[in-house]
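# Coordinates in review
Read off the chains here:
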Amino acid sequence: MKFLYLFLLTLPLLGQDPPRLKMSGGLQLRGIYYNATGLPPRRDPYTYVLSGNHLFSLYGMQLPFSYSISNQGNSFQQPFNRFGISPTYKWITLHAGYRNLSFSPYTLDGQTLLGAGLELRPGKFRWGLVQGRINKATAVDSSSGQTWAQSFHRTALAAYAGYEGENLAFNLSYLQAKDRSGTALDSMSLRPAANSALGAGIRWRFLPRLTIRADGGLSLYTRDRFSTLAVQPTSSSAGKIYDAFHLNATSEYYLAYSAALSYHSPAWSVDLLWKYVDPNFEAMGAYYFQNDVKSLSIAPKLQLLKGKLRFDASLGLQEDNVLQQKETSTRRIITNSSLNYEANDRFSIDGNFSNYSSNAQPKVTLVQNKYLLAQTNTNYSLSPRWLIPGKRSNQMLLLSFHGAGLKDLHAEGQDIQTQMALFSYHYLHQKYSLLAGINYTTNRFLLGKMKNYGWQAGANTALLKNALQLGFNYTMTWSEGLQGKGKIHTAQLNGTYKITKKQQLQARTNLLQNGVGLRYNEFTAELAYALNF
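Just so it is clear, the model here is predicted, and its values are computed rather than measured.

### Some thoughts on the overall build of the protein chain
The number of helices and strands found in the protein chain is two helices and 28 strands. Looking at the protein chain alone, contacts between residues at least 24 apart form 49% of all its contacts between residues at least 6 apart. For the protein chain, the exposed area adds up to about 32700 Å²; of that, 59% sits on carbon and sulfur atoms.

As structure tokens, this is what we get:
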């Protein structure tokens, strides 16, 4: 790959660009100066960095490369250790190389696979087949002693078939995956496994505004393919299933399904959602499953005043320990809501509220308290905006308030409360902009109270027919907390000068003066040259 990179770089110099080869990207050279007083320096006083990003387009394929060279280390990246293509002709799609395909949430869902596949989509019918490697075998390097997370060589075969119409759609999918023995260091905790998973899904709009959606999966997972512990089947049909899927005493089956009933109209809609997942549900075709959970939720939406007023909400109940196998069960009540009102093109307001409460109740052992855990998390915000348009400039007033809290019913005095308020004024002109604002933040917790308040001012302008961009920002903050009282000053000055359409100079300075607790000053200056091509 390095030879390919050098070859593509030298082609423009030789004047032998292939007709379909294009190169774009950028190159940047930066010099950074740093100085600190009052504390040990957090970086070198002088730093240089040469970095670049190149994108080569060759016959419809895009090949990105990036590198960085500095006095603190060098790096080179080219992500083509993994390469894949999916060419399409009419309703036929071929997959080759590294691909991330999704056939079902419970069989093959986004797992990276190295192999080949085919998808056919004639009209409303759907078929797909893919086969390849999921994991590459790894083991301990006995010569160097270096270790990696061990895994077996894992291969998979997945297929699906379905129908997709305007009012009705359904699909069936199947996954078969297994580990190859001898490709990793066998141990009691790591044994070659196998998995067969079946998934099904349906979407049916049986009335103009009513739709049902459902997905389900059954996973047969064998933790040790070569276990000699056999299971005596209870019937001849069960014996055939055991033989067909090579099941043994380490094999288990898991269920998972979800369903939704939706009503949608122009003014309002509501979704009723149900989900169930067995404990330890797992399928080799997906990266992660939230398991041991069942939940029921309702999510209404409302639009009034010709769409000016919008309201979204959801209320859900969630519980684990679905098979009553654990000593405690945790129940959660999850509430979310948002309100947006746009009175006109000048005034609008947003509001949000969320509440998350959970409790853990003992099921087997007796404890002193009924609930082992009882907590409530609350978040809320309100943000009105006022826009004043003009012929050559616009003005905006923004007020924002946010609050958050954690209440523990069993630990008195350990509640956490946070409130933040911000008011800012923005003046936007064709050639310059101004910013001014004030802010206030308070935090209350077990150890005490922290309070920060201050103001901010900034300006940006464009000169020399927009070739020169200048910006300045200053912030002062008064802080009162566990480390005492003090002030924090921050000043930033930056500028950009466009030499040509593809070249520019950039300069930036930053000054920080901290007067809270450990008193120190930090100054950073940066000068950069950037080239885009």
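So that's the structure; there's more coming.
### Some details on the environment of Gln419
Relative to the elements of secondary structure, Gln419 occurs in strand E22 (residues 416-429). Look at Gln419 and you get buried, because its relative accessible area is 17%. The spatial distance from the C-alpha of Gln419 to the C-alpha of Gly405 is 8.7 Å, given a sequence separation of 14 residues. Beyond its immediate chain neighbours, meaning those up to four positions away, Gln419 contacts Tyr380, Phe401, His402, Gly403, Tyr440, Thr441, Thr442 and Arg444. Within polar-contact distance, the side chain of Gln419 engages the side chain of Arg444 at 3.5 Å.

### Observations concerning the layout of surface pockets
In this structure, the largest pocket encloses a volume near 350 Å³. Residue lining of the largest pocket: 21 residues in total, with Phe103, Glu164, Ala169, Phe170 and Asn171 positioned closest to the centre. At the level of elements, strand E10 (153-164), strand E11 (168-180), strand E12 (194-207), strand E13 (210-222) and strand E14 (251-264) are the ones that each hand at least two residues to the lining of the largest pocket. Among the elements that line the lining of the largest pocket, the one with the most residues is E10, at four residues. Residues belonging to the lining of the largest pocket are distributed by class as follows: nine nonpolar, five polar and seven charged.

### Observations regarding unusual backbone geometry
You will see that Asp292, though not glycine, has its phi angle at about 55 degrees, which is positive. Checked against the element boundaries, Asp292 lands in the loop between strand E15 (268-277) and strand E16 (293-304). Unusually for a residue other than glycine, Leu305 sits at a positive phi of about 55 degrees. You can see Leu305 is positioned in the loop between E16 and strand E17 (309-319).

### A closer look at the nonpolar core
Judged by nonpolar contacts, the single largest core of 24 residues is most densely connected at Phe103, Leu108, Val130, Ala156, Ala158, Phe281 and Phe289. For this core, the secondary structure elements donating two or more residues are strand E9 (125-135), E10, E11 and E14. The greatest single-element share of this core, amounting to three residues, is contributed by E10. Excluding residues within four positions of it along the chain, Leu108 makes contact with Leu101, Ser102, Phe103, Val130, Ala158 and Gly285. Counting five residues, the second-largest nonpolar core is a separate cluster that includes Tyr34, Ala36, Leu39 and Leu512.

### Considerations on the pairing of E14
Judged from the 13 bridges that link them, E13 and E14 form a sheet pairing that is antiparallel. By the bridge assignment for E14, Leu218 is matched with Leu255. Of the strand pairs in this sheet, E14 and E15 are connected by nine bridges, and their pairing is antiparallel. Within E15, the residue paired with Ala259 across the bridge is Trp274.

### Some details on the pairing of E15
The side chains of a regular strand alternate, first on one face of the sheet and then on the other. The hairpin formed by E14 and E15 contains three residues between the paired strands. In this sheet, E16 lies alongside E15 in antiparallel orientation, the contact comprising 10 bridges. Residue pairing for E16: Ser269 is matched across the bridge by Lys301.

### Some points on the pattern of salt bridges
Scanning the model with the defined rule gives 16 salt bridges in all. With a shortest N-O distance of 2.8 Å, Glu522 and Arg42 are connected by a salt bridge. Separated by 480 residues along the polypeptide, Glu522 in strand E28 (residues 520-532) and Arg42 in the loop between strand E1 (21-37) and strand E2 (46-58) bring together distant segments of the chain. Judged by relative accessible area, Glu522 falls into the buried class, the value being 11%. Take Arg42: its relative accessible area is 53%, and that puts it in the exposed class. Residues Asp415 and Lys407 are paired through a salt bridge, measuring 3.4 Å at the closest nitrogen-oxygen approach. Taking relative accessible area as the criterion, Asp415 reaches 24% and is therefore assigned partly exposed. Exposure remark for Lys407: the relative accessible area of 43% places this residue in the partly exposed category. In this structure, a network of salt bridges that share partners links the residues Arg30, Arg508 and Glu526.

### Examining the packing of aromatic side chains
Taken as a whole and assessed by the stated rule, the structure comprises 18 aromatic pairs. Measuring from centroid to centroid gives 5.9 Å for Tyr106 and Phe281, while their planes differ by 80 degrees, and the two rings are edge-to-face. Placement of the pair is Tyr106 in the loop between strand E7 (92-102) and strand E8 (109-120) and Phe281 in the loop between E15 and E16, with a sequence separation of 175 residues. Exposure class is identical for Tyr106 and Phe281. Each is buried. Taking the centre distance of 5.5 Å and the plane angle of 65 degrees together, the rings of Phe125 and Tyr163 count as edge-to-face. Taken together, the positions of Phe125 in strand E9 and Tyr163 in strand E10 put the pair 38 residues apart, joining distant regions of the chain. A relative accessible area of 23% places Tyr163 in the partly exposed class.

### A look at the confidence of the model for the protein chain
Per-chain confidence: the protein chain averages 87 in pLDDT, with 86% of residues scoring 70 or above. In this model, residues 1-19 is a region of pLDDT below 50 whose contacts with residues beyond four sequence positions or in other chains number 19 contacts. Below a pLDDT of 50 lies the segment residues 364-371, which in the model reaches 14 contacts outside its immediate sequence neighbourhood of four places, other chains included.

### Concerning the side chain of Asn510
Within the element layout of this structure, Asn510 appears in strand E27 (residues 503-514). Looking at Asn510, its side chain comes within polar contact range of the side chain of Gln492, at 3.1 Å. Residues contacting Asn510, with those up to four places away along its chain left out, are Thr490, Ala491, Gln492, Glu522, Phe523 and Thr524.

### Regarding the environment of Ala436
Tracing the backbone shows Ala436 in strand E23 (residues 432-445). Given a relative accessible area of 35%, Ala436 falls into the partly exposed group. For Ala436 and Ser424, which are 12 residues apart along the polypeptide, the C-alpha to C-alpha distance reads 5.6 Å. Apart from the residues lying within four places of it in its own chain, the contact partners of Ala436 are Phe423, Ser424, Tyr425, Gln456 and Ala457.

Rules and cut-offs
Residues numbered from 1 in each chain as written. Predicted model: local features only at pLDDT ≥ 70, side-chain atom pairs only at ≥ 80, totals over all residues. Heavy atoms only, no water. Helix = DSSP H or I, 4+ residues; strand = E, 2+ residues; numbered from the N terminus. Contact = heavy atoms within 4.5 Å. Areas by Shrake-Rupley, 256 points an atom, 1.4 Å probe, with all protein chains shown as cover. Buried < 20%, exposed > 50% of the residue type's maximum accessible area, 1.4 Å probe, protein only. Polar contact = N/O pair within 3.5 Å; in protein donor to acceptor, adjacent residues only side chain to side chain. 1 Å grid on protein atoms, 1.4 Å probe; cavity = no way out; pocket = protein on both sides within 12 Å on 5 of 7 lines; lining within 4 Å. Points joined across faces, edges and corners; volume = space filled by probe spheres on them. Nonpolar A, V, L, I, M, F, W, Y, C, P; charged D, E, K, R; others polar. Core = buried A, V, L, I, M, F, W, Y, C linked by side-chain atoms within 4.5 Å. Pairing = 2+ DSSP bridges. Salt bridge = Lys/Arg side-chain N within 4 Å of Asp/Glu carboxyl O. Phe/Tyr/Trp six-rings, centres within 6.5 Å; stacked < 30°, edge-to-face > 60°. pLDDT = per-residue confidence, 0-100.

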